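Chain and residue survey
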Amino acid sequence: MNIHMNTNTLKYVSLLTLTLQNAILGLSMRYARTRPGDIFLSSTAVLMAEFAKLITCLFLVFNEEGKDAQKFIRSLHRTIIANPVDTLKVCVPSLVYIVQNNLLYVSASHLDAATYQVTYQLKILTTAMFAVVILRRKLLNTQWGALLLLVMGIVLVQLAQTDGPASGSSGSGGTSSPAAGGSAGSAGGPEQNRMLGLWAALGACFLSGFAGIYFEKILKGAEISVWMRNVQLSLLSIPFGLLTCFVNDAGRIYDRGFFHGYDVFVWYLVLLQAGGGLIVAVVVKYADNILKGFATSLAIIISCVASIYIFDFNLTLQFSFGAALVIASIFLYGYDPSKQGSKPTSMQGPSGDEEKLLPRV
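Reading the values: the criteria
- Position numbers for residues start from 1 in each chain and track the written sequence from start to end.
- Given that the model is predicted, a residue must reach a pLDDT of at least 70 before its local features are reported, and side-chain atom pairs must reach 80 or more before they are shown or counted; all residues, however, enter totals for whole chains, interfaces and linings.
- With hydrogens and water stripped out, all remaining heavy atoms of the structure feed into the side-chain values.
- Only DSSP runs of H or I covering at least 4 residues are called helices, and only runs of E covering at least 2 are called strands; the numbering of each starts at the N terminus.
- Working definition: with a 1.4 Å probe on protein chains only, accessible area under 20% of the residue-type maximum means buried, over 50% means exposed, and in between means partly exposed.
- Residue contacts are counted whenever heavy atoms from the two residues lie within 4.5 Å of one another.
- All accessible-area figures derive from a Shrake-Rupley calculation using a 1.4 Å probe, and residue coverage is judged against the displayed protein chains alone.
- Grid spacing is 1 Å over the protein atoms alone, the probe is 1.4 Å, and a cavity is where that probe fits but cannot get out, while a pocket is an open set with protein on both sides within 12 Å along at least five of seven lines and lining residues have an atom within 4 Å of a point.
- Grid points are joined across faces, edges and corners, and a volume is the space filled by probe spheres set on the points.
- We call Asp, Glu, Lys and Arg charged. Ala, Val, Leu, Ile, Met, Phe, Trp, Tyr, Cys and Pro are nonpolar, and the rest, Gly among them, are polar.
- Definition used in this section: a nonpolar core is a set of buried Ala, Val, Leu, Ile, Met, Phe, Trp, Tyr and Cys residues joined via side-chain atoms within 4.5 Å.
- Expected span, for any helix, means 1.5 Å times one less than how many residues it has.
- At any given residue, the bend is defined as the angle formed between two axes, one fitted to the seven residues that end at that position and one fitted to the seven that begin there.
- When two rings of Phe, Tyr or Trp (its six-membered ring) have centres within 6.5 Å they constitute a pair, described as stacked for plane angles under 30 degrees, edge-to-face for angles over 60, and tilted for the intermediate range.
- Note on criteria: charge over ring means Lys NZ or Arg CZ within 6 Å of the ring centre, with the direction from the centre no more than 35 degrees off the ring normal.
- Two distance rules govern patches: like charges are joined within 9 Å, and nonpolar side chains (Val, Leu, Ile, Met, Phe, Trp, Tyr) within 5 Å, applied only to residues with over 30% relative accessible area and no salt bridge.
- Here, a salt bridge means any side-chain nitrogen of Lys or Arg that lies within 4 Å of a carboxyl oxygen of Asp or Glu.
- Along the chain, pLDDT gives the predictor's confidence residue by residue, from 0 to 100.

Turning next to the overall build of the protein. Along its length, the protein carries 16 helices and 0 strands. When burial is assessed residue by residue, the protein has 49% of its 361 residues classed as buried. Across the protein, the fraction of contacts at a sequence separation of at least 24, relative to all contacts at a separation of at least 6, is 86%. Accessible area of the protein: about 16900 Å², with a carbon and sulfur share of 66%.

Structure representation (structure tokens):
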């Protein structure tokens, strides 16, 4: 009885955590990139998030090793230095995640939070396509139908924003808000370019799908804990992040400083981005596909409602219908007819291998 109650409690905690993490990150990124005042460099925020993730995971690995410094150092040496082939395999997703996270900042700078949240669900499509091509995985007919609904919904959402009134073309319904389209640049934020935001979101979806399937292809079966795998990822991501900073923003870093535009909210955003993937990795083991779909759908609804009040977002009937199609596709994609009618024996989460393949937000 107590075990059943604990499982149900963890299910609902998972739902709440996944929902808030999905919704708050998109809203926070949008606000940070469009508010008045000095704008921080997104490349530096991505790099600092990797540092925060590395420190957190090192602490967790240290805890796993019984807080024994010698065992901790031996474990790091055995996994990272003495196993160079496995470490080199992680170079590819490390680079991919750095580029992906930078693209997400570009997308959040030019798309309103609601459109960003809906459009980013295209990662379901790219992940499915890479699974079919690379892993030779067969999709169910219901999953193909879900992907079609997903594309239709996102097309409707994008057309709703493109065909909207001039004042809302940037993703906001009015010009009084600092997040409003063309006024963002004059208020200190970047000028809004919806097409640039859309291409950045599509690029991030493509990279997200590739990275997830790459992990599953080459790293499955490795006897490495979830936290040690993230130590590898962050250690290799940091050099790529530094390179990105100085390739894209060397002049601005030299003129204004690395931490130009940073304040308490930016540091909160860095920690939110760093901890988001780790939190999801912990709670997702208690969440089945229906629960994960419910959490994502709630996050889309929260983003839409919050955008109306925070960013003066203009919610149209066409946008609402497109978002509804996306939400339906999420549930349909996770639906497996073969499992219906059979009595579940336990809460099915990902396998031990899948827990090592952490999602990056």
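From this point, the discussion proceeds with the structure in view.
This brings us to unusual backbone geometry. Positive phi values are uncommon outside glycine, yet arginine 136 reaches one of about 55°. With respect to the element layout, arginine 136 can be found in the loop between helix H7 (123-134) and helix H8 (141-162).

Below, the discussion takes up the layout of surface pockets. Of the pockets and cavities examined, the second largest pocket occupies roughly 390 Å³. For the lining of the second largest pocket, the elements supplying multiple residues, two or more each, are helix H2 (42-64), helix H5 (91-110), helix H11 (226-248) and helix H12 (250-256). Top element by residues in the lining of the second largest pocket is H5. It accounts for 7 residues. When its residues are assigned to classes, the lining of the second largest pocket shows 9 nonpolar, 9 polar and 5 charged.

Of all hydrophobic cores here, the largest spans 62 residues; its most connected members are Met29, Phe40, Val118, Val231, Ile300 and Phe319. Looking at this core element by element, the count peaks at 9 residues for H2. Excluding anything up to four places from it in sequence, phenylalanine 40 contacts Ala32, Arg33, Ala45, Tyr105, His260, Gly261, Tyr262, Val266 and Leu269. Grouped together as the second largest cluster of nonpolar side chains are 8 residues, Val90, Tyr97, Leu233 and Leu236 included.

Glancing now at H11. Here H11 spans 31 Å end to end across 23 residues, near enough to the 33 Å set by a 1.5 Å rise per residue. At isoleucine 238, H11 shows its maximal kink, close to 25°; a proline, proline 239, follows between one and four residues later.

Time to look at the packing of aromatic side chains. The tally for this structure, following the rule as stated, stands at 14 aromatic pairs. Centre to centre, the rings of phenylalanine 258 and phenylalanine 259 are 4.9 Å apart; their planes meet at 75°, and the pair counts as edge-to-face. Here phenylalanine 259 falls in the partly exposed class, since its relative accessible area comes to 42%. Ring-pair connections join several aromatic residues into one group, and the members of that group are Phe40, Tyr105, Phe258, Phe259, Tyr262 and Trp267. The positively charged end of arginine 33 is found above the aromatic ring belonging to phenylalanine 40, 4.9 Å away from the centroid.

What follows is about the environment of leucine 15. Mapped onto the fold, leucine 15 is located in helix H1 (residues 2-34). The sequence separation of leucine 15 and leucine 298 amounts to 283 residues, and the corresponding C-alpha distance is 9.4 Å.

You can see threonine 44 is positioned in helix H2. Looking at threonine 44, the relative accessible area reads 0%, which means it is buried. Those residues within four positions of threonine 44 in sequence are excluded, and the remaining contacts are Cys245, Ile253, Phe258 and Tyr262.

Below, the discussion takes up a nonpolar patch on the surface. There is a patch of nonpolar side chains on the surface, built from Tyr31, Ile301, Val305, Ile308, Tyr309, Ile310 and Leu315 and spanning about 650 Å² of accessible area. At 5 residues, the largest contribution of residues to the nonpolar patch is made by helix H14 (residues 289-310). Topologically, tyrosine 309 is positioned in helix H14. We classify tyrosine 309 as exposed; its relative accessible area is 68%.

This paragraph deals with the environment of glycine 197. Examined against the element boundaries, glycine 197 turns out to sit in helix H10 (residues 194-218). Here glycine 197 falls in the buried class, since its relative accessible area comes to 0%. With 92 residues separating them along the chain, glycine 197 and tyrosine 105 place their C-alpha atoms 9.0 Å apart. Leave out the neighbours within four places in its chain, and glycine 197 touches Val106, Ser107, His110 and Leu111.

Looking at the protein as a whole, the pLDDT averages 80, with 78% of positions reaching at least 70. Ranking the elements of the protein by mean pLDDT puts helix H9 (residues 183-186) last with 41 and H2 first with 93. Considering only residues more than four positions removed or in separate chains, one finds that residues 165-188, a stretch of pLDDT under 50, has 58 contacts. Contacts of residues 343-361 to residues separated by more than four positions or lying in other chains number 49 contacts, the stretch itself having pLDDT below 50.

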